Amino acid sequence: MAKSFSDDIVLNNGVSMPVHGFGAYKIIDENELRNSLETAVDAGYRLFDTATFYRNEASIGQFFQSAGLKRDEFFVTTKVWNTDQGYDKTQKAFENSLKKLQLDQIDLYLVHWPKQETFFETWKALEKLYDEGLIRAIGVSNFEAHHLDRLSTKANVLPAVDQIETHPYFPNHLLHDYLEKLHIAHQAWSPLGRGPVLEENELKKIGQRYNKTAAQVVLRWHIQNQVAIIPKSENPKRIRENADIYDFELTREEMIVINNLNRGERVSNAPDVIYVRTEPEN
Ligand code: A2P
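So, a few notes on the structure that sits alongside this text. (Residues numbered from 1 in each chain as written. Predicted model: local features only at pLDDT ≥ 70, side-chain atom pairs only at ≥ 80, totals over all residues. Heavy atoms only, no water.)

**A few points about the site of the ligand**
In the vicinity of the ligand, 15 residues are found, and the nearest of them are L192, S233, E234, R238 and N242. Residue R238 places a side-chain N or O atom 2.7 Å away from an oxygen atom belonging to the ligand. Expressed as a share of its isolated accessible area of 570 Å², the protein-covered part of the ligand is 80%. Here the ligand is seated within the largest pocket. Among the elements that line the shell around the ligand, the one with the most residues is helix α9 (residues 236-243), at 3 residues. Of the residues belonging to the shell around the ligand, the class tally is 5 nonpolar, 5 polar and 5 charged. (Near = heavy atom within 4 Å. Polar contact = N/O pair within 3.5 Å; in protein donor to acceptor, adjacent residues only side chain to side chain. Areas by Shrake-Rupley, 256 points an atom, 1.4 Å probe, with all protein chains shown as cover. 1 Å grid on protein atoms, 1.4 Å probe; cavity = no way out; pocket = protein on both sides within 12 Å on 5 of 7 lines; lining within 4 Å. Sits in = over half its atoms within 2 Å of the grid points. Helix = DSSP H or I, 4+ residues; strand = E, 2+ residues; numbered from the N terminus. Nonpolar A, V, L, I, M, F, W, Y, C, P; charged D, E, K, R; others polar.)

Next comes the structure, spelled out in structure tokens:
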């Protein structure tokens, strides 16, 4: 379990990845994004999660050009979008992402959703880019056990990370256990369930005991469950608040109370429903 905000997890290929990062999902306004990134860097965030679909790679690239950080002081994740999948198209999309981000290498590149038609070709393109040293670690997002099983029948390199929807209303415990067995790191998208779960009285009550907010309690629950997190916020106070979760520990009973909030309720559609659509929500 991460003991401090600066802790890394060692992925199955030996690359170190910060456990706790910053999610840039849906932060499109350039000024908002710049302010949020400035606050995040100042607060000590080192992992920044984007995707072609978020349409903010270029602004993030510009920010890192001017931020004065050395390349090994930040970790960037981006993802290949559904309409860019396929062997050739993925390589092209990757080149575009590199250009927009103004980087020579991506730390973590993910297949955004499992897409039936191009399933293996996309992964082969990621393996090629990885072999060429253009990506430090390759992984997937929204892959369930059966997608991982299918991928493993033809993959030379297994995914290092599976970034999946995970929050108290949808804790994804079974998939977590499967990922652990496969040595694939579980990274949560929408770790705060996009907000509504934070109104739960149980979370507020637990927070009061430690002088923490419901959001801090939820993020702490993830960390104690060995789940990597990328909370998204455009609010400077909340960006800092979300980092401040390493000075208290939830008891076993409190972990169970939070586990019991499980409703099996996603904020988005299930991967097997969504991949046939052209414009999924995430
Ligand atoms: P905002 O950007 O205004 O802070 P998730 O990471 O689960 O997708 O959740 C993101 C949502 O949760 C956003 O609407 C974000 O709003 C909100 N949020 C992020 N951090 C906090 C926090 N500490 N307290 C309350 N809401 C938060």
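**A few points about the side chain of Q216**
In this fold, Q216 is placed in helix α8 (residues 214-224). For Q216, a relative accessible area of 5% corresponds to the buried category. Sequence-distant contacts of Q216, defined by excluding residues within four places in its chain, comprise E241, D244, I245 and F248. (Buried < 20%, exposed > 50% of the residue type's maximum accessible area, 1.4 Å probe, protein only. Contact = heavy atoms within 4.5 Å.)

**Describing the pairing of strand β7 (residues 135-141)**
Among the 7 residues that make up β7, 6 are buried, leaving the element largely enclosed by the rest of the structure. In terms of strand pairing, strand β6 (residues 106-111) meets β7 through 5 bridges, oriented parallel. Looking at the pairing, L110 lines up with G139 of β7. What joins β6 to β7 is helix α4 (residues 119-131), and the crossover it makes is right-handed. Sheet topology note: the β7/strand β8 (residues 161-165) ladder contains 2 bridges and is parallel. Bridging across to β8, V140 finds its partner in D162. Crossover β7 to β8 through helix α5 (residues 145-152) is right-handed. (Pairing = 2+ DSSP bridges. Right-handed = clockwise from strand over helix to strand, strands pointing away.)

By themselves, these are just geometric observations and shouldn't be taken as functional.
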